[in-house]
Number of protein chains: 2
Amino acid sequence: MSAESRFLTLLRLLANDPAAQGLRDDVAVLEVGGARLILTSDTMVEGVHHLPADPPADIGWKLAAVNLSDLAAKGAKPLGCLLNYALSGDESWDAAFLEGLGEALARHAMPLLGGDTVQMPRGAPRSYSLTALGEATGPVPLRGGAKAGDRLYLTGPVGDAGIGLELLQTMPRASGPLVDAYRRPRPRLAEGALLAPHVHAMMDVSDGLLIDAARMAEASGLAVTIDHIPLSPALEATRGASNAVQIAAARAGDDYELLFALPAAVKPPVRAIPVGRFAKGGGLTLKIDGVAIPLPDRLGWEHG
Amino acid sequence: MSAESRFLTLLRLLANDPAAQGLRDDVAVLEVGGARLILTSDTMVEGVHHLPADPPADIGWKLAAVNLSDLAAKGAKPLGCLLNYALSGDESWDAAFLEGLGEALARHAMPLLGGDTVQMPRGAPRSYSLTALGEATGPVPLRGGAKAGDRLYLTGPVGDAGIGLELLQTMPRASGPLVDAYRRPRPRLAEGALLAPHVHAMMDVSDGLLIDAARMAEASGLAVTIDHIPLSPALEATRGASNAVQIAAARAGDDYELLFALPAAVKPPVRAIPVGRFAKGGGLTLKIDGVAIPLPDRLGWEHG
């Protein structure tokens, strides 16, 4: 058990309100005055969640996008957000960060409502948190609602952002669609809103397809088999589609496509790719071209 | 203009929703489904907002208390909060932090609903943010509503926390009521709820009486005269009540008493100390024993 898992166990003792969902989902669901609020918060730290050399406008965009993605996965409409920002000591950097953040907020109609700005001691790594509020527009799909027999779908391919990050680590000036996928993820708000009334379970794929599918299965008390790993044309053109590339794509994080469970008889109301199915039992099985493949040691991005 | 002020100017361009109050109050006021939500967020950084040697349980308590104090100043009932926490690498420290945070949350009926936990690179200063949601139970007093002729009141004395901090800086093992005031501030939730329907303006005194009174006057387009600086018996016993001590108390931060404006004919519904009055015009005047005193160069804690 990691230090973060032990900390989370202590946090759960404080999070004993039903709205907290036992901290087992990416969001809290709070009922207030007839509305259901969806609450989520994400922190990004330089050198941990992004490369120190990433352009500040992209980091600002991404901080907004990852929070919006959590709202999207619950079919929620963005209401607003609060920013906690540690001034970096470089005003043009800070201004560019805000420009990218503002672009993502404007694009998705999420106003900035408040927050707090602090000075960090010299030499501290940059860090920033955004807390987003959304309003549920219908049923709120959680992680744990999948049923045996449900199909598992993705709203798009996986692996682009992970390979984009890999490219940047060896070629800092790399560009193109894979780098864009890493730096400017697009939250699937429209898709989430259309899907929410129909799905049994939904979450965004922020840590990797394998680990996030395993989490959905565990929360639902089911087994899941992944039988297809969708790759983008850009990824195939760069890396091919070998088993190794498919496995790498399935354990890469930062994609922010929606992962959802739907009864086999229901056609998804948005463009979606079937990637697996749920069954009674437990655990994760990975098949490529119909053949079961040993799982990699690390399924995806595990915090801590 | 400081780097923080310039950053705030850029932030205001993004905060163009009426709920953001132009980032000129400590809170946002968001109407959702018939409820009015009060939103606030505070970040604390080791070495900036607290001493590195402060006990972790007290830091956790204080992070909750400063956010609750912002809710108190708007007469709001706590609904819940989200914690952004950077693991310190010291598990017993983190556990003690959560214990103090949990104590303050339980005492004031504010459930933890979610948040995000991250690992910071080794050697980074500790930092933590809390975002609190409250629900308005009646009119929401802002900073800018004082009227000419209003009396200005405080719910308690000022200076205890500031002198407590000073004591700790020279005597790290100091204890007693002044140190307690610095480490375990008490948010005035009950007082705030009783005051909110009656006051013209209200805020908590987090940065110092002089600067916060000047801000209330400026936001209200008025002049304010402070004619009394209330000291606690503990502070007087430690430092006396000379003009120098009174001025130090009036520019010390971290007190978290409520500062409010009430028509001269209205008796405050809670125990409160009259400290000044508003008049047409602008600016801040300080009087001690009826005599105008030159203002200190620095009125209080100015961020950035």
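Since the model is a prediction, treat every value here as computed from it, not as a measurement.

(A) A look at the UniProt feature "domain: PurM-like N-terminal" (unreviewed entry) in chain A. Here, UniProt's "domain: PurM-like N-terminal" (unreviewed entry) annotation points to residues 25-135 of chain A. Regarding residues 25-135 of chain A, the helix share stands at 31% and the strand share at 41%, and the terminal C-alpha atoms are separated by 16 Å.

(B) Examining helix α2 (residues 56-72) of chain B more closely. The terminal C-alpha atoms of α2 of chain B lie 24 Å apart, and with 17 residues this matches the ideal 24 Å at 1.5 Å per residue to within 8%. Most of α2 of chain B sits out of view: 17 of its 17 residues are buried.

(C) Examining helix α9 (residues 243-250) of chain A more closely. All buried positions along α9 of chain A are accounted for by Val245, Gln246, Ile247, Ala249 and Ala250 of chain A. On its buried face, α9 of chain A sits against α7 (209-220), α8 (233-239), β11 (283-288) and β12 (291-293) of chain A.

(D) Just the packing of aromatic side chains, in detail. Enumeration according to the criterion identifies 14 aromatic pairs over all chains in this entry. On the basis of an interplanar angle of 20° and a centroid distance of 6.1 Å, the ring pair of Trp93 of chain B and Phe97 of chain B is categorised as stacked. Linking Trp93 of chain B with Phe97 of chain B, this pair stays in helix α3 (residues 91-107), spanning four residues, or about one helical turn. The two residues Trp93 of chain B and Phe97 of chain B agree in class, both being buried. Taken together, the ring pairs in this structure connect Phe7 of chain A together with Tyr85, Trp93, Phe97 and Tyr128 of chain B into an aromatic cluster. A cation over an aromatic ring shows up here: Arg126 of chain A above the ring of Trp93 of chain A, its NZ or CZ 3.8 Å from the ring centre.

(E) Spotlight on the sheet that holds strand β12 (residues 291-293) of chain B. All names here are of chain B. Here we have seven strands laid out as an open sheet, ordered β7-β9-β6-β10-β8-β11-β12, and mixed in their pairing. Among the strands making up the open sheet, the edge pair consists of β7 (201-204) and β12. Recorded for the sheet is a direction-independent mean angle of 30° between the axes of neighbouring strands. Packed onto the sheet, helix α9 (residues 243-250) meets β11 (283-288) and β12 and runs at close to 145° relative to β11.

(F) Region of the structure containing the UniProt feature "binding site: Mg(2+) 5" (unreviewed entry) in chain A. Mapped onto this numbering, the UniProt entry gives "binding site: Mg(2+) 5" (unreviewed entry) at Asp207 of chain A. For Asp207 of chain A, a relative accessible area of 6% corresponds to the buried category.

(G) Region of the structure containing the nonpolar core. Core analysis: the largest hydrophobic core is formed by 115 residues, its most contacted members being Leu83 and Phe97 of chain A together with Leu83 of chain B. For Phe97 of chain A, the residues in contact, after removing those within four places along its chain, are Pro56, Ala57, Ile59, Gly60, Leu63, Leu83, Tyr85 and Tyr128 of chain A. Ala174, Leu235, Ala250 and Leu284 of chain B belong to the second largest nonpolar core, which has 42 residues in total.

(H) The packing of helix α1 (residues 3-14) of chain A against α3 of chain B, seen in detail. Interhelical geometry of α1 of chain A versus α3 of chain B gives an angle of 15° and a closest axis separation of 10 Å. Regarding the angle of α1 of chain A to α3 of chain B, the classification is roughly parallel. The hand of the α1 of chain A/α3 of chain B crossing is right-handed. Residues Ala3, Arg6, Phe7, Leu10, Leu11 and Leu14 of chain A of α1 of chain A form the contact with α3 of chain B, whose participating residues are Glu91, Asp94, Ala95, Leu98, Leu101 and Gly102 of chain B.

(I) Spotlight on the sheet that holds strand β2 (residues 35-45) of chain A. All names here are of chain A. The five strands lie next to each other as β1-β2-β5-β3-β4, forming an open sheet whose pairing is mixed. Pairing within the sheet leaves two strands with one partner each, and these edge strands are β1 (28-32) and β4 (112-119). Along the sheet, successive strands turn relative to each other by an average axial angle of 20°, direction set aside. Sitting on the sheet, helix α2 (residues 56-72) touches β2, β3 (76-87) and β5 (127-136), and the angle it makes with β2 is about 145°. Packed on one face of the sheet, helix α3 (residues 91-107) meets β3, β4 and β5 and runs near 175° to β3.

(J) The arrangement of the interface of chain A and chain B in detail. Contacts between the two partners involve 59 residues from chain A and, on the opposite side, 59 residues from chain B. When the area that chain A buries against chain B is broken down by residue, the three leading residues are Phe7, Leu14 and Leu113 of chain A, summing to 14%. Remark: the boundary between chain A and chain B carries two salt bridges. A salt bridge links Arg6 of chain A to Glu91 of chain B; its shortest N-O distance comes to 2.5 Å. Summed over the shared surface of chain A and chain B, the number is nine residue pairs in polar contact (both at pLDDT 80 or more). Within the residue set of the side of chain A that touches chain B, elements represented by two or more residues are α1, β1, β2, β3, α3, β4 and β5 of chain A.

(K) Summary view of the relation of the copies chain A and chain B. The two copies are related by a screw operation: chain A maps onto chain B through 180° of rotation and 0.0 Å of translation along the axis, at an RMSD of 0.0 Å. These values place the two chain copies in the arrangement generated by a two-fold rotation axis. A share of 100% of interface residues in chain A that are also interface residues in chain B marks the association as one of identical surfaces.

Quick notes on the rules
- Residues numbered from 1 in each chain as written.
- Chains lettered and ligands numbered in written order.
- Predicted model: local features only at pLDDT ≥ 70, side-chain atom pairs only at ≥ 80, totals over all residues.
- Heavy atoms only, no water.
- UniProt positions renumbered as here; feature names shortened; annotations may be inferred.
- Helix = DSSP H or I, 4+ residues; strand = E, 2+ residues; numbered from the N terminus.
- Expected span 1.5 Å × (residues − 1).
- Buried < 20%, exposed > 50% of the residue type's maximum accessible area, 1.4 Å probe, protein only.
- Contact = heavy atoms within 4.5 Å.
- Phe/Tyr/Trp six-rings, centres within 6.5 Å; stacked < 30°, edge-to-face > 60°.
- Lys NZ or Arg CZ within 6 Å of the ring centre and 35° of its normal.
- Pairing = 2+ DSSP bridges.
- Axes fitted to C-alpha atoms, helices over the stretch in contact; angles between N-to-C directions.
- Core = buried A, V, L, I, M, F, W, Y, C linked by side-chain atoms within 4.5 Å.
- Parallel < 35°, antiparallel > 145°, perpendicular 65-115°, else oblique.
- Left-handed = near helix turned anticlockwise from the far one by under 90°.
- Buried area = accessible area lost by both parts, 1.4 Å probe.
- Salt bridge = Lys/Arg side-chain N within 4 Å of Asp/Glu carboxyl O.
- Polar contact = N/O pair within 3.5 Å; in protein donor to acceptor, adjacent residues only side chain to side chain.
- Least-squares fit on C-alpha atoms with pLDDT ≥ 70 in both.

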